[in-house]
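This is what each chain is made of:
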Amino acid sequence: MSLKCGIVGLPNVGKSTLFNCVSSGKAQSANFPFCTIEPNLGSTNVPDKRLEVLAEMCQPKSVVPATVDIVDIAGLVKGASKGEGLGNQFLANIRETDAILHVLRCFDDGNVVHVDGSVDPVRDKEVVDTELQIKDLEMIEARIAKVQKQATTGGDKEAKKLLELLLRYKAALDQGKNCRSVELLNPDEEQMAKELYLLTNKPVMYVCNVDDASAAKGNAYVDAVREAVREENAEILVIAAKTESEIAEIEDYEDRKMFLEELGLEDSGVVRLIQSAYHLLGLQTFFTAGADECRAWTIRKGDKAPKAAGVIHTDFERGFIRAEVIKYEDFVHYKTEAAVRAAGKMGIEGKDYVVQDGDIMHFLFNV
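An account of the accompanying structure is given in this report. Each residue is numbered by its place in its chain's sequence as written, counting from 1. Residues qualify for local features only when their pLDDT is at least 70, as the model is predicted, and side-chain atom pairs are given and counted only at 80 or more; totals for whole chains, interfaces and linings, by contrast, use all residues. Derived side-chain values reflect all non-hydrogen atoms in the structure, with water molecules and hydrogen atoms excluded from consideration.

Each helix is a run of H or I in the DSSP string that is no shorter than four residues. Each strand is a run of E no shorter than two, and both are numbered from the N terminus. When you go through the chain residue by residue, the secondary structure sums to 14 helices and twelve strands. Buried means the residue's accessible area, taken with a 1.4 Å probe over protein chains only, is under 20% of the maximum for its type, while exposed means over 50%, and partly exposed covers the values in between. Per-residue burial for the chain yields a buried fraction of 47% across its 367 residues. Should any heavy atoms of two residues lie within 4.5 Å, those residues are counted as being in contact. When contacts within the chain are restricted to residue pairs at least 6 apart in sequence, those whose partners lie at least 24 apart make up 69%. As presented, the chain carries roughly 18,300 Å² of accessible surface, and 49% of it is formed by carbon and sulfur atoms. We get accessible surface area from the Shrake-Rupley algorithm with a probe of 1.4 Å; when it comes to residues, only the shown protein chains can shield them.

In structure tokens:
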């Protein structure tokens, strides 16, 4: 399952520095606007201590973690929706992502240029929001013009449902709100919303890039962001990107742990960012574990057993018979699959089983 988070924001807010911390790619990072022009793509492992435990128990030949793709997208400026700066390219690149990591500058530093001349993360957020909203509004108005006749005079029930949703989205955008603020009333609307590919409907995490002193508790800039997004269905993460780049260079685990403790942190911001992005996308993990391989597999919350099997191989889903399921806690407690079976703790599940986060699964299939 290929999942992609786009790092966006104004120029010079720390996007590329953050990208370099979390991905295996190395983006150029410099103190001038539009340092990033072409989007940089990298892949990062999803930290999961459960996989480490399973690997220790099974001693497999290989260990394969779950991954998330991260894209560093060119900085956006006012007028992007009309093609200003690298606007059209920016908007095209963001449309291809599953979720947005919106980086906001929440630190003072006279040596780092700000494209608008002063630090104001709420203003910066509104600049990006406005450009995305304008583009969404253009698309929605075009769709309304297309389906209105079908819905009102053609008697098309599906067109009528779509029109009702489009009008609610238009009302929100006219008020300066993002489409994600519109409540979806049923599964049909959820599916229609997904097919519209609206920019402001994507899940978003606001990443507040702070100085070292604010890494643990934030600062007044972060407080202002929290207040500004209070009514949004969004997450906030505080991170010191410059410091994270230094942490990423420390190879020794104990030295890294000591550095984090000095900052008042348990985990690095990168770990928290990746885990939060995983949660933001509505994802969860199941495992396969054995002597050959221990592996974490990514699925969406609510996926059933055949869908999970299909992540491994399409034949598994097509010919699904049943799944043998061990809860992670039971495997850790009983130590071996044989002991789990003997204790009656292995579940035999059919097509309607909803996979739970941390399940250890073995699929039986026939094609």
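With that out of the way, let us pick up the packing of aromatic side chains. Note on aromatic pairs: the rings of Phe, Tyr and Trp (six-membered ring only in Trp) are paired at centre separations within 6.5 Å, and the planes decide the class, stacked below 30 degrees, edge-to-face beyond 60, tilted for the rest. Within this structure, the stated rule accounts for four aromatic pairs. On the numbers, 6.0 Å between centres and 90° between planes, the contact of Phe286 with Phe363 is edge-to-face. Residue Phe286 is located in strand S8 (residues 283–289), and its partner Phe363 is located in strand S12 (residues 360–365); the two are separated by 77 residues in the primary sequence. Accessibility classification places Phe286 together with Phe363 in one group, the buried group. The structure contains a cluster of three or more aromatic residues connected by ring pairs, namely Phe286, Trp297, Phe320 and Phe363. Cation placement over rings: the criterion is NZ of Lys or CZ of Arg within 6 Å of the ring centroid and within 35° of the ring normal. One Lys or Arg, Arg105, reaches over the ring of Phe107 and ends 4.5 Å from the middle of that ring. Positioned above the aromatic ring of Trp297 is the side chain of Arg295, whose terminal nitrogen or guanidinium carbon lies 4.1 Å from the ring centre.

Before going further, it helps to examine the side chain of Lys202. Inspection of the secondary structure puts Lys202 in the loop between helix H6 (187–196) and strand S6 (204–209). Here a polar contact is taken to be a pair of N or O atoms separated by no more than 3.5 Å, where protein atoms must pair a possible hydrogen donor with a possible acceptor and residues adjacent in sequence count only if both atoms sit in side chains. At 3.2 Å, the side chain of Lys202 and the backbone oxygen of Arg95 are in polar contact. Here Lys202 is in contact with Ile94, Arg95, Thr97, Asp98, Ile100 and Arg180, once residues within four sequence places are set aside.

The next point concerns the pattern of salt bridges. Salt bridge, as used here, is a side-chain nitrogen of Lys or Arg placed within 4 Å of a carboxyl oxygen of Asp or Glu. One pass over the structure, following the stated rule, counts 17 salt bridges. A salt bridge links Lys304 to Asp352; its shortest N-O distance comes to 3.9 Å. With Lys304 in the loop between strand S9 (293–300) and helix H11 (305–312) and Asp352 in the loop between strand S11 (347–349) and S12, the pair connects residues that are 48 residues apart, well separated along the chain. Each of Asp48, Arg50 and Asp357 takes part in salt bridges that share partners, so that together they form one network.

So, on to the environment of Asn40. Relative to the helices and strands, Asn40 is located in strand S2 (residues 40–45). Looking at Asn40, the relative accessible area reads 23%, which means it is partly exposed. For Asn40 and Phe19, which are 21 residues apart along the polypeptide, the C-alpha to C-alpha distance reads 8.4 Å.

The grouping of Glu249, Glu251, Asp252, Glu254, Asp255, Glu261 and Glu262 at the surface amounts to a negative patch. Within the secondary structure, Glu249 sits in the loop between helix H8 (241–248) and helix H9 (253–262). Note on Glu249: relative accessible area 57%, which makes it exposed. The patches described consist of residues with a relative accessible area above 30% and no salt bridge, like charges being joined within 9 Å and nonpolar side chains (Val, Leu, Ile, Met, Phe, Trp, Tyr) within 5 Å. For the purpose of counting charges, residues Lys and Arg are taken to be positive, whereas Asp and Glu are taken to be negative. His and the chain ends are not included. Here the site of a charge means NZ on Lys, CZ on Arg, CG on Asp, or CD on Glu.

Among the five residues that make up strand S1 (residues 4–8), four are buried, leaving the element largely enclosed by the rest of the structure. In this scheme, strands are said to pair when DSSP sees at least two bridges between them. Two strands pair when backbone bridges link them, and S1 and strand S4 (residues 67–72) are joined in this way by four bridges, in the parallel orientation. Its bridge partner lying in S4, Cys5 is registered against Ile70. Across four bridges, the pairing between S1 and strand S5 (residues 99–105) is parallel. Counterpart to Ile7 in the pairing with S5 is Leu101.

Moving on to the packing of helix H1 (residues 15–22) against H8. What describes two packed helices is the angle between their axes and the distance between those same axes. Between N-to-C directions, angles span 0 to 180 degrees; the directions come from axes that are lines fitted to C-alpha atoms, helices contributing only their stretch in contact. Taken N-terminus to C-terminus, the directions of H1 and H8 make an angle of 25°; their axes are 9 Å apart at the nearest point. Here H1 is positioned roughly parallel relative to H8, judged by the angle of their axes. Relative to H8, the crossing made by H1 is left-handed. Judged by residue contacts, Thr17, Leu18 and Cys21 of H1 engage Ala241, Lys242, Glu244 and Ser245 from H8. Among the residues forming the contact of H1 with H8, the class breakdown is three nonpolar, two polar and two charged. We call two directions roughly parallel when the angle between them is under 35 degrees, roughly antiparallel when it is over 145, roughly perpendicular when it lies between 65 and 115, and oblique otherwise. Helix crossings fall into two classes, left-handed where the near helix is turned counterclockwise from the far one by less than a right angle and right-handed where it is turned clockwise. Three residue categories are used. Nonpolar comprises Ala, Val, Leu, Ile, Met, Phe, Trp, Tyr, Cys and Pro, charged comprises Asp, Glu, Lys and Arg, and polar comprises the others, including Gly.

For H1, a buried count of seven out of eight residues is recorded, marking the element as mostly surrounded by other parts of the structure. Within the span of H1, buried status applies to Lys15, Ser16, Leu18, Phe19, Asn20, Cys21 and Val22.

This next bit is on the nonpolar core. For the purposes of this section, nonpolar cores are sets of buried Ala, Val, Leu, Ile, Met, Phe, Trp, Tyr and Cys residues that join through side-chain atoms within 4.5 Å. Within the largest apolar cluster, 66 residues are counted, with the highest numbers of intra-cluster contacts made by Cys5, Ile70, Leu101, Met205, Val207 and Leu273. Residues in contact with Val207, not counting those within four places in the same chain, are Leu18, Leu101, His102, Val103, Leu104, Leu237, Ile239 and Leu273. Counting 19 residues, the second-largest nonpolar core is a separate cluster that includes Leu137, Leu162, Leu166 and Leu196.

Once that is clear, we can look at helix H5 (residues 157–174). The length a helix should cover is 1.5 Å for every residue beyond the first. With 18 residues, H5 ought to run about 26 Å at 1.5 Å a step, and its terminal C-alpha atoms sit 26 Å apart, in line with that. Within the sequence span of H5, burial applies to Ala159, Leu162, Leu163, Leu165, Leu166, Tyr169, Ala172 and Leu173. Residues of H5 that are buried in the fold lie against helix H4 (121–152) and H6. Once H5 ends, the next one or two residues include Gly176, with phi positive near 80°.

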